[in-house]
Amino acid sequence: MAQRGTGYFDRKGQYFKTPEEATVSDLAGILGKIGDGESLAPGIAHTILQRRSEIERLLAEHDSMMADYQPIASGRIMRLEPRAG
């Protein structure tokens, strides 16, 4: 007998049983192939999803710092040369 179910699809249209699996697939696609042999991207994508709140907080802090950032070429910041040791 036929049964009804719910499925989730990544951006490529591949079917997954859970939203997490579909999102990990999309993240891995964004990351591309990482490493030699089998790609490490799916594992990294899973870690990103699991640590999402920490990553979002870090990126918010980065955005805040970038709002005040003045590149060296702006003339307001002088680069110091390292001391000869």
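This is a predicted model, so every value here is computed, not measured. (Residues numbered from 1 in each chain as written. Predicted model: local features only at pLDDT ≥ 70, side-chain atom pairs only at ≥ 80, totals over all residues. Heavy atoms only, no water.)

Asks: Where do I start with the overall build of the protein in this structure?
Replies: Counting secondary structure elements, the protein contains 3 helices and 2 strands. Helices and strands appear in the protein in the N-to-C order β-β-α-α-α. Across the 85 residues of the protein, 9% fall into the buried class. Total accessible area on the protein stands at roughly 7700 Å², and carbon and sulfur atoms take up 55% of it. (Helix = DSSP H or I, 4+ residues; strand = E, 2+ residues; numbered from the N terminus. Buried < 20%, exposed > 50% of the residue type's maximum accessible area, 1.4 Å probe, protein only. Areas by Shrake-Rupley, 256 points an atom, 1.4 Å probe, with all protein chains shown as cover.)

Asks: How should I be thinking about the packing of aromatic side chains in this particular structure?
Replies: The way to describe two aromatic rings as a pair is by their centre distance and the angle between their planes. Using the criterion set out here, one finds 1 aromatic pair in the structure. When the ring of phenylalanine 9 is compared with that of tyrosine 15, the centres are 5.6 Å apart and the planes differ by 65°; the resulting orientation is edge-to-face. (Phe/Tyr/Trp six-rings, centres within 6.5 Å; stacked < 30°, edge-to-face > 60°.)

Asks: Even after reading the chapter, I still don't get a nonpolar patch on the surface, so can you show me in this structure?
Replies: A contiguous nonpolar surface patch, about 230 Å² in accessible area, is contributed by Leu31, Leu40 and Ile44. Tracing the backbone shows leucine 31 in helix 1 (residues 19–31). (Patch = residues over 30% accessible without salt bridge, like charges linked within 9 Å, V, L, I, M, F, W, Y side chains within 5 Å. Salt bridge = Lys/Arg side-chain N within 4 Å of Asp/Glu carboxyl O.)

Asks: Would you take a moment to explain the side chain of serine 25 for this structure?
Replies: Position of serine 25 relative to the elements: it lies in helix 1. Overall, the relative accessible area of 15% leaves serine 25 in the buried class. A distance of 2.6 Å separates a polar atom in the side chain of serine 25 from a polar atom in the side chain of aspartate 10. Setting aside its immediate chain neighbours within four residues, serine 25 contacts Asp10, Gln14 and Phe16. (Polar contact = N/O pair within 3.5 Å; in protein donor to acceptor, adjacent residues only side chain to side chain. Contact = heavy atoms within 4.5 Å.)

Asks: What's the story with the packing of helix 1 against helix 2 (residues 41–50) in this structure? I'm lost.
Replies: Relative orientation and spacing of two packed helices are given, respectively, by the angle between their axes and the distance between those axes. Axis separation between helix 1 and helix 2 bottoms out at 8 Å; the angle between their running directions is 120°. The angle between the axes of helix 1 and helix 2 places the two elements in the oblique class. The crossing of helix 1 and helix 2 is right-handed. Contacts from Glu20, Thr23, Val24, Leu27, Ala28 and Leu31 of helix 1 reach helix 2 at Ala41, Pro42, Ile44, Ala45, His46, Ile48, Leu49 and Gln50. The residue inventory of the contact of helix 1 with helix 2, partitioned by class, reads 10 nonpolar, 3 polar and 1 charged. (Axes fitted to C-alpha atoms, helices over the stretch in contact; angles between N-to-C directions. Parallel < 35°, antiparallel > 145°, perpendicular 65-115°, else oblique. Left-handed = near helix turned anticlockwise from the far one by under 90°. Nonpolar A, V, L, I, M, F, W, Y, C, P; charged D, E, K, R; others polar.)

Asks: How should the pattern of salt bridges be read in this particular structure?
Replies: A side chain of one charge can pair with a side chain of the opposite charge when the charged atoms of the two come close. Within this structure, the stated rule accounts for 2 salt bridges. Of the charged contacts, one joins glutamate 54 and arginine 51 as a salt bridge, the two residues approaching to 4.0 Å between their closest N and O atoms. In this structure, glutamate 56 engages arginine 52 in a salt bridge whose closest nitrogen and oxygen atoms are separated by 2.9 Å. On the criterion of helical spacing, the pair formed by glutamate 56 and arginine 52 is a turn pair, its members being 4 residues apart in helix 3 (residues 52–68). Assessed through its relative accessible area of 44%, glutamate 56 is described here as partly exposed.

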